[in-house]
Protein chains: 2
Amino acid sequence: MNFTLTTLGSASALPTCDRYPSAHVINIRGRLFLIDCGEGCQIQLRRAGISFLKIEAIFVTHLHGDHIFGIYGLLSTMALMGRSASLTIYAPFMFSSILKHFNEMFADGVKFEIKHIVLSGKSKNLIYSTRNFEIYSFGLNHRIDTFGFLFKEKEPQRNIHKWLIERDKLTLREIALLKNGENVIRENGEVLENEYYTYLPFTPRSYAHCSDTAPFEGEADLVKGVSLLYHEATFMDDLASMAKATCHSTTYQAAKVARDANVGKLIVGHYSSRYSDLDKIIKEVREIFPNSELSKEGKVFEIPLNKKEQ
Amino acid sequence: MNFTLTTLGSASALPTCDRYPSAHVINIRGRLFLIDCGEGCQIQLRRAGISFLKIEAIFVTHLHGDHIFGIYGLLSTMALMGRSASLTIYAPFMFSSILKHFNEMFADGVKFEIKHIVLSGKSKNLIYSTRNFEIYSFGLNHRIDTFGFLFKEKEPQRNIHKWLIERDKLTLREIALLKNGENVIRENGEVLENEYYTYLPFTPRSYAHCSDTAPFEGEADLVKGVSLLYHEATFMDDLASMAKATCHSTTYQAAKVARDANVGKLIVGHYSSRYSDLDKIIKEVREIFPNSELSKEGKVFEIPLNKKEQ
């Protein structure tokens with residue numbers, strides 16, 4: 001029941017000696033998804049001990065080089081390692097040109113299917129659904145088409161308080177109905193209220209990824225109440241005008257989204273190469289949203305499972 | 001009067017946690033040239049403290065991904081850093097497709113000219129010439145069009161032994177003729193033999209780069225007598241059949257080229273990811289050519305200047 005975010009790259013456009021361009025891995029219940037694929041992503045995956053072959057899908061926020069230049073190497077290496085499972089890449093429309101270029105020039109040994117699903121729209125779109133979780137895309141506010149992603153566990157089947165099963169001698173049929181979220185009306189007219197008899201075994205968890213974006217009307221609503229929010233914070237507050245000019249966010253702006261959306265925890269990243277001391281960044285972020293952390297190459301952030309008692 | 005090779009990447013197709021794909025920098029008298037540009041090249045340049053903006057030209061051996069996937073990021077970063085000087089890229093014909101792709105998708109902020117000079121031919125071709133040195137390309141023996149490079153200092157102007165200038169009261173005209181390599185005939189019929197009066201101030205140095213290649217007839221002739229030879233040694237001798245199948249060289253094969261060409265020193269690299277212990281590799285190489293070293297990320301190999309005494 002893992003749900004983790006691993007940072008592979010925390011740099012923005014210019015990498016530094018120890019900060020790689022954007023790439024993150026989401027592990028949700030053992031299923032692996034890559035968000036963005038900056039240059040060096042494949043080396044960072046190795047260092048993090050994450051199998052290239054287990055990545056089910058790649059979600060590309062936008063087509064600026066620092067978010068995509070690692071794709072050529074990653075696809076080539078997957079081929080060299082004998083990947084056969086198909087790979088789906090959710091990316092903006094123009095990614096088709098990148099894939100065409102790759103296929104024409106470098107796809108000699110590629111034996112797996114690469115599917116490109118085109119992202120579009122500003123509002124929240126369901127793009128991936130399994131029994132246990134869903135993934136949505138939504139529009140961000142950057143210089144080119146850019147998308148955020150929301151990973152959300154589905155509400156689990158309700159559990160029934162064991163002591164009530166015994167006390168009220170629930171039948172199998174009654175148990176099935178209650179687990180499905182329904183009330184039960186017994187032959188004698190007695191009503192078994194679902195809310196009294198059942199509980200959610202855990203609170204569904206969620207993760208939202210916002211990179212790269214200037215703040216915009218409705219942003220907090222899109223990530224409302226998520227357990228963990230990654231939000232870019234390319235600049236500190238004194239460079240707010242530069243953030244505005246390049247359609248990025250500052251520390252304060254990222255923190256305000258987290259505060260307004262009432263998220264569980266905030267992770268910031270995508271730091272401008274001008275900052276060598278990141279402590280100053282997190283200090284500013286925490287002034288507005290205390291439960292915040294810095295992303296850093298190789299760091300794993302776990303979204304804990306909030307189990308309910310029986 | 002520097003002449004150095006810096007290894008940025010010593011891996012072959014699959015990078016490892018600490019080995020990057022192929023990239024090397026030649027510094028010849030303060031002028032910088034990049035040979036190949038594997039993924040992560042720009043981060044490795046930073047780590048080596050080499051300025052992106054000072055790279056005059058890039059020499060691309062061939063268009064397998066592990067030798068070229070860093071070009072997108074490097075060009076983008078040069079643009080972000082405000083490069084204005086034109087950049088010449090010597091590469092096989094199909095590089096034009098890579099450049100076209102880059103220009104269409106990622107060249108928004110590029111303000112410098114990128115020239116592509118097409119490499120061709122099997123024999124030695126002069127592709128670059130300055131007052132002090134020349135660069136040649138030559139064909140290698142790989143699965144696709146692949147080129148080696150030879151960097152060669154020109155023979156310097158001859159110096160005149162100072163004690164002879166005084167003893168024989170040489171005139172300015174006589175000095176100029178002798179420096180030009182000519183003999184001088186005085187009015188009285190006396191002949192001043194150039195070889196007696198002059199000497200080369202230093203022995204011209206040279207560097208040859210052979211990656212990736214299976215051994216071939218005439219290879220040693222192409223790199224005859226160079227001061228420093230880089231030669232790929234992807235496999236150890238027990239995997240000679242795999243080297244043959246993939247058109248690569250083994251340790252022994254690389255060392256034999258160095259021995260047959262009577263080079264000053266051999267550097268091997270492009271190691272298969274299966275080798276974690278490189279000591280075994282250099283041991284095999286040295287059995288045949290003792291003055292050999294392993295290339296390694298960040299390592300600088302200097303070609304010493306062999307100054308002649310006056």
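Residues numbered from 1 in each chain as written. Chains lettered and ligands numbered in written order. Predicted model: local features only at pLDDT ≥ 70, side-chain atom pairs only at ≥ 80, totals over all residues. Heavy atoms only, no water.

### Side note on the interface of chain B and chain A
Now for step 1: Facing the 32 residues of chain B at the interface are 32 residues of chain A.
Now for step 2: Each partner contributes to the roughly 2,700 Å² buried at the junction of chain B and chain A, and carbon and sulfur atoms together form 68% of this total.
Now for step 3: Counting across the interface, chain B meets chain A through zero salt bridges.
Now for step 4: At the surface where chain B touches chain A, the tally comes to 13 residue pairs in polar contact (both at pLDDT 80 or more).
Now for step 5: Here the residues of the side of chain B that touches chain A sort into 17 nonpolar, eleven polar and four charged. (Contact = heavy atoms within 4.5 Å. Buried area = accessible area lost by both parts, 1.4 Å probe. Salt bridge = Lys/Arg side-chain N within 4 Å of Asp/Glu carboxyl O. Polar contact = N/O pair within 3.5 Å; in protein donor to acceptor, adjacent residues only side chain to side chain. Nonpolar A, V, L, I, M, F, W, Y, C, P; charged D, E, K, R; others polar.)

### Thoughts on the environment of Leu 178 of chain B
Residue and element names in this part refer to chain B.
Now for step 1: If you trace the backbone, Leu 178 turns up in helix α5 (residues 172-179).
Now for step 2: By relative accessible area, Leu 178 is classed as buried at 0%.
Now for step 3: With 26 residues separating them along the chain, Leu 178 and Pro 204 place their C-alpha atoms 19 Å apart.
Now for step 4: Beyond its immediate sequence surroundings of up to four residues, Leu 178 is in contact with Ile 160, Leu 170, Val 184, Leu 192, Asn 194, Tyr 197 and Thr 198. (Helix = DSSP H or I, 4+ residues; strand = E, 2+ residues; numbered from the N terminus. Buried < 20%, exposed > 50% of the residue type's maximum accessible area, 1.4 Å probe, protein only.)

### A short note on the nonpolar core
Now for step 1: Among the nonpolar cores identified, the biggest contains 70 residues, and Ile 71, Leu 75 and Ile 89 of chain A together with Ile 71, Leu 75 and Ile 89 of chain B are the most heavily contacted of them.
Now for step 2: Those residues in contact with Ile 89 of chain B that sit more than four places away from it in its chain are Ile 58, Val 60, Ile 71, Leu 75, Phe 95, Ile 114, Lys 115, His 116 and Ile 117 of chain B. (Core = buried A, V, L, I, M, F, W, Y, C linked by side-chain atoms within 4.5 Å.)

### So, the relation of the copies chain B and chain A
Now for step 1: Screw-axis analysis of chain B against chain A gives a translation of 0.0 Å along the axis, an RMSD of 0.2 Å, and a rotation angle of 180 degrees. Both copies are brought into coincidence by an operation consistent with a two-fold rotation axis. Identified as the residue of chain B closest to the rotation axis by C-alpha distance is Gly 40 of chain B, at 2.7 Å.
Now for step 2: Here 100% of the interface residues in chain B have copies in chain A that are interface residues too; the copies meet face to matching face. (Least-squares fit on C-alpha atoms with pLDDT ≥ 70 in both.)

### Examining the side chain of Asn 194 of chain B
All names here are of chain B.
Now for step 1: Within the element layout of this structure, Asn 194 appears in helix α6 (residues 194-197).
Now for step 2: Judged by relative accessible area, Asn 194 falls into the buried class, the value being 6%.
Now for step 3: Within the structure, the side chain of Asn 194 is placed 2.8 Å from the backbone oxygen of Leu 178, a separation counted as a polar contact.

### Topic: the packing of helix α2 (residues 71-80) of chain B against helix α3 (residues 95-106) of chain B
Residues and elements named next belong to chain B.
Now for step 1: Running from amino to carboxyl end, α2 crosses α3 at an angle of 50 degrees, the nearest separation of the two axes being 11 Å. Compared by their axis directions, α2 and α3 come out oblique. Where α2 crosses over α3, the handedness of that crossing is right-handed. Across the interface between the two elements, Ile 71, Tyr 72, Leu 75 and Ser 76 of α2 pack against Phe 95, Ile 98, Leu 99, His 101, Phe 102 and Phe 106 of α3. (Axes fitted to C-alpha atoms, helices over the stretch in contact; angles between N-to-C directions. Parallel < 35°, antiparallel > 145°, perpendicular 65-115°, else oblique. Left-handed = near helix turned anticlockwise from the far one by under 90°.)

### A look at unusual backbone geometry
Across residues other than glycine, the phi torsion is negative in most instances, and most of the peptide bonds are trans.
Residue and element names in this part refer to chain A.
Now for step 1: Along the chain, Ser 211 connects to Asp 212 via a cis peptide bond; the corresponding omega equals -15 degrees.
Now for step 2: Considering the arrangement of structural elements, one finds Asp 212 in the loop between β14 (206-210) and α7 (219-222).
Now for step 3: The phi torsion at Arg 29 lies on the positive side, around 55 degrees, for a residue other than glycine.
Now for step 4: Residue position: Arg 29 is located in the loop between β2 (23-28) and β3 (31-35).
Now for step 5: Here Cys 247, not a glycine, exhibits a phi torsion of approximately 60 degrees, which is positive.
Now for step 6: With respect to the helices, strands and loops of the structure, Cys 247 is situated in the loop between α8 (240-245) and α9 (251-261).

### Focus on the side chain of Thr 130 of chain B
Residue and element names in this part refer to chain B.
Now for step 1: Mapping Thr 130 onto the fold places it in the loop between β7 (125-129) and β8 (133-139).
Now for step 2: Given a relative accessible area of 13%, Thr 130 falls into the buried group.
Now for step 3: The residues contacting Thr 130, other than those within four sequence positions of it, are Arg 31 and Lys 154.

### Things to note about the sheet that holds β14 of chain A
Residue and element names in this part refer to chain A.
Now for step 1: Pairing within the open sheet is mixed, and its seven strands lie in the order β7-β8-β9-β14-β15-β16-β17. Each having just a single partner strand, β7 (125-129) and β17 (292-294) make up the two edges of the open sheet. Adjacent strand axes in the sheet meet at a mean angle of 20 degrees, parallel and antiparallel pairs treated alike.
Now for step 2: In this structure, strand β16 (residues 265-269) lies alongside β17, joined through three bridges in parallel fashion. If you follow Val 268 over to β17, its bridge partner there is Leu 294.
Now for step 3: Running at roughly 165 degrees to β17, helix α10 (residues 279-288) makes contact with β16 and β17 of the sheet. (Pairing = 2+ DSSP bridges.)

### Details of α5 of chain B
Residues and elements named next belong to chain B.
Now for step 1: Those residues of α5 lying buried are Glu 174, Ile 175 and Leu 178. Buried residues of α5 fall within an arc of 100 degrees about the axis and therefore sit on the same side. For α5, the exposed residues lying more than 90 degrees away from the buried face are Leu 172 and Arg 173.
Now for step 2: At its buried positions, α5 is contacted by β10 (159-160), α4 (162-167), β11 (184-185), β12 (191-192), α6 and β13 (198-199).
Now for step 3: Of the residues flanking the end of α5, it is Gly 181, one or two places downstream, whose phi is positive at about 95 degrees. (Arc of directions from axis to C-beta.)

### Remarks on the sheet that holds strand β14 (residues 206-210) of chain B
The pairing of strands in a sheet happens through backbone hydrogen bonds and is either parallel or antiparallel.
Residues and elements named next belong to chain B.
Now for step 1: Read from one edge to the other, the open sheet built from seven strands follows the order β7-β8-β9-β14-β15-β16-β17, with strand pairing classed as mixed. Of all the strands in the sheet, just β7 and β17 (292-294) have a single pairing partner and so form its edges. Here the strands of the sheet are splayed against their neighbours by 20 degrees on average, with no regard to which way each runs.
Now for step 2: Relative to β14, strand β9 (residues 147-153) runs antiparallel, the two being bridged by four bridges. Each residue of the ladder has a partner; that of Leu 150, found in β14, is Ala 208.
Now for step 3: The sheet strands contacting helix α10 (residues 279-288) are β16 (265-269) and β17, and the helix crosses β17 at an angle near 165 degrees.

### A closer look at the confidence of the model for chain A
Now for step 1: Across chain A, the average pLDDT comes to 96, with 99% of residues at 70 or higher.
Now for step 2: Here the prediction assigns the complex a pTM of 0.94, and the interface score ipTM is 0.92. (pLDDT = per-residue confidence, 0-100.)

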